[in-house]
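Overview (structure and organization)
Single-letter residue listing:
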Amino acid sequence: MKSSNNKKHLLTGNEAAAEAAILAGCRHYYGYPITPQNELINHMSIRMPQVGGTFLQAESEIAAIYMAYGGAAAGARVMTSSSGPGISLMQEGISYLAGSELPCVIVNVQRGGPGLGDISPSQADYFQAVKGGGHGDYHNIVLAPASAQEIADLVYDAFDLADRYRNPVMILGDAQLGQMMEPVEFRKTPRTHQTVKRWALTGAEGRARNIVKSFYPVKGELETFNIRLQRKYRAVEQEEVRYEEVNTQGAEIILVAYGTCARICKEAIRRASGTGLQIGLLRPITLWPFPKEPLRRLAKKARAFCVVEMSAGQMVEDVRLAVLDRCPVHFYGRMGGGVPSSREILKKVLNILAPEGTLELEIPEIPTELGKGLYFSTIP
Amino acid sequence: MTEKIILIGYGGQGMMLFGRLLARATMLDGKQVTFFPSYGTEVRGGAACYHLIVSTEEIYSPVVEEADTIIAMNQPSYLKLKNYLKPSSLLFLNSSLVKEVESLNEITTYRIPATEIANELGNVVASNMVMMGAYNTIKNLVPLPLFLECLQSSLRGRKAPLLEVNTLALLRGEEYVKKTYLKGERIFKTSAV
């Protein structure tokens, strides 16, 4: 027991993401500081020179994403990271990455928005991450970790997925996951399938030249390319859906939540144990591709779903699309740095189960206690 | 076993270090732990609040809703801590800086003049370790030698000279709480110093 504990490190989620990237073979990081992901860029600035990699603090997020584009085109494992406002600036570049079929890992440690917002936890960038965000028909593969350990594990996988599908992969965290410290154990042998990238721009000596581009001006070419892209996305949807189910067997109400909210839902389930309330949880680990099938399966038995998010209701739309009208889908959300408490979630569940059922309180009252440094005071 | 702790104080009173050391020591002791610091606007003099959960089981929510223990270092934090109280909470107040405005009858409260004790030792920044000494004597969350090991590894190089005053502060906190609240019923032997 003791020996295994020695391998554990107490790290913030941000640091776990950075270290895992290095272990996964990433040697090129480009970024620009923004709270709450600064521990990531800080860790990279220390570690990259130690492992002979490149750390570059770009002049802006726009520059950072195109530096990542350049590195990816040359065949390197590249990473960039930011939070809401910076990720918004990167959207054009992310569309270009998808259009040029370049692998890249992008970490978004979500903060409250819109605009400059604040620096506390949020999940309001879901639409942007999952529905494209930039222009054109494309998808990011979006992974949603719920602990520092899972951040590390998913960062390994993110590089593999990016390489396998030649597609940008986004790790969608939030301020709480980024800032919180937890024990992390790094996998000894990350699945680094660093395949030879025959398409990469490595100098064309002795071979035909490679072209990396997202521009198809000849009529019809672009549609052909888009059809190919969509085939790739269907393959991703077939192969890569991941989720976790907790207590769903015989559950009356199924909570659906990802990241930080999923952990608070688990707390609510633990709190309710022994009360006779049958509550389950489906936690999507991939937000795109979205676990539609498991939701449809659960919709046959559950009385209702309740989606819990730190947003005004974004993932709830995908849940509704998945289950259509087979099962009612309720929503509970907090916004602008508000984090739901397990008590609030249970109150909502009771509300749904109450025979009146009409006490639909979709947006909570404005919390009275939102003092500085006490973002998480509970609502009585 | 689950212990949910809220640490509140001014930025600069060392609650971050306190929490990080406690988290690290409990991790090395084989327990699950989450430590969620507040960040950003919490500069020196600002209010800083930290959520620390230690458990033998998997920790779900890292957010403390009802605390088993609250350690409050100053007046503004004392005024805010009511959000986290439940009847069985233990409250550790830095009585040097907290003037209680109302009595919290049901709550077991330990009043430790941490700032005064640290000042006597010659370094006011060690008040956090006075609180740690007092807290751990009551709750026995981590073996003290393990905590000291973590303290030592975080106070290296330039900061090495601070080890002595911090270790002394820990012991003075322990001594104070024993003398004042335990009346010699339980005397823990420490291997330190």
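Glancing now at the overall build of chain B. Check the secondary structure of chain B and you find 6 helices and 6 strands. Counting helices and strands in the order they occur from the N terminus, chain B gives β-α-β-β-β-α-β-β-α-α-α-α. Burial status across chain B gives 50% buried among its 193 residues. Within chain B, contacts between residues separated by at least 24 positions form 60% of all contacts whose residues are at least 6 apart in sequence.

A few words on the overall build of chain A. Assigned secondary structure in chain A consists of 13 helices and 14 strands. Looking at chain A residue by residue over its 380 residues, the buried ones come to 51%. Intrachain contacts of chain A at a sequence separation of at least 6 include 79% that bridge at least 24 residues.

With that settled, consider the sheet that holds strand S14 (residues 329-333) of chain A. Residue and element names in this part refer to chain A. Strand order in this open sheet of 5 strands is S9-S11-S10-S13-S14, and the pairing throughout is mixed. Only two strands of the sheet have a single partner each, and these edge strands are strand S9 (243-246) and S14. Each adjacent strand pair in this sheet contributes to an overall mean axis angle of 20°, direction not counted. Direction of pairing for strand S10 (residues 253-256) relative to strand S13 (residues 304-309): parallel, over a ladder of 4 bridges. Paired with Ile254 across the bridge in S13 is Phe305. The sheet strands contacting helix H10 (residues 259-272) are S9, S10, strand S11 (279-284) and S13, and the helix crosses S11 at an angle near 165°.

The strands that make up a sheet are held in pairs by hydrogen bonds between backbone atoms, and each pair lies either parallel or antiparallel. All names here are of chain A. Reading across the sheet, the 7 strands line up as S3-S2-S4-S5-S7-S6-S12 and stay open at both edges, with mixed pairing between neighbours. With partners counted over all chains shown, the strands left at the sheet margins are strand S3 (54-57) and strand S12 (286-288), one partner each. Looking at each pair of strands side by side, their axes are set apart by 20° on average, direction ignored. Bridging between strand S4 (residues 78-82) and strand S5 (residues 104-110) involves 4 bridges; their strand directions are parallel.

The next point concerns the confidence of the model for chain B. Residues and elements named next belong to chain B. For chain B, per-residue confidence averages 87 on the pLDDT scale, and 90% of positions sit at 70 or higher. Across residues 186-193 the pLDDT falls below 50, and counting only partners more than four positions away or on other chains, this stretch makes 12 contacts in the model. Of the two predicted TM-score estimates for the complex, the pTM is 0.91 and the ipTM is 0.89.

Our next topic: the environment of Ala148 of chain A. All names here are of chain A. Structurally, Ala148 can be placed in helix H7 (residues 148-165). Considered as a pair, Ala148 and Gly53 are 95 residues apart in the sequence and their alpha carbons are 24 Å apart. Residue contacts for Ala148: discarding those within four places in its chain leaves Leu11, Thr12, Gly13, Ala16, Met180, Glu182 and Val184.

The next point concerns helix H1 (residues 15-28) of chain B. Residue and element names in this part refer to chain B. The end-to-end C-alpha distance of H1, which contains 14 residues, comes to 20 Å, matching closely the 20 Å that a straight helix rising 1.5 Å per residue would cover. Counting buried residues in H1 gives 12 out of 14 residues, a clear majority hidden from the surface. Within the span of H1, buried status applies to Met15, Met16, Phe18, Gly19, Leu21, Leu22, Ala23, Arg24, Ala25, Thr26, Met27 and Leu28. Gly30 occupies a position one or two residues after H1 and carries a positive phi of about 90°.

So, on to the pairing of strand S2 (residues 32-37) of chain B. All names here are of chain B. S2 sits mainly inside the fold: 5 of its 6 residues count as buried. In this structure, S2 lies alongside strand S3 (residues 47-55), joined through 6 bridges in antiparallel fashion. Within S3, the position partnered with Phe35 by the bridge is Leu52.

All names here are of chain A. Domain boundaries in chain A define domain 1 (2-239) and domain 2 (245-353). On a C-alpha basis, the centroid separation for the pair domain 1 and domain 2 is 28 Å. Contributions of two or more residues to the side of domain 1 that touches domain 2 are made by helix H6 (126-130), strand S6 (141-143), strand S7 (168-174), helix H8 (175-179) and helix H9 (221-239). With 4 residues, H6 is the largest single contributor of residues to the side of domain 1 that touches domain 2. When the residues that make up the side of domain 1 that touches domain 2 are grouped by side-chain class, the tally is 15 nonpolar, 8 polar and 3 charged.

Procedures and definitions
Residues numbered from 1 in each chain as written. Chains lettered and ligands numbered in written order. Predicted model: local features only at pLDDT ≥ 70, side-chain atom pairs only at ≥ 80, totals over all residues. Helix = DSSP H or I, 4+ residues; strand = E, 2+ residues; numbered from the N terminus. Buried ≥ 20, exposed ≤ 12 C-beta atoms within 10 Å, placed from the backbone. Contact = placed C-beta atoms within 7 Å. Pairing = 2+ DSSP bridges. Axes fitted to C-alpha atoms, helices over the stretch in contact; angles between N-to-C directions. pLDDT = per-residue confidence, 0-100. Expected span 1.5 Å × (residues − 1). Domains from an automatic or database assignment. Nonpolar A, V, L, I, M, F, W, Y, C, P; charged D, E, K, R; others polar.

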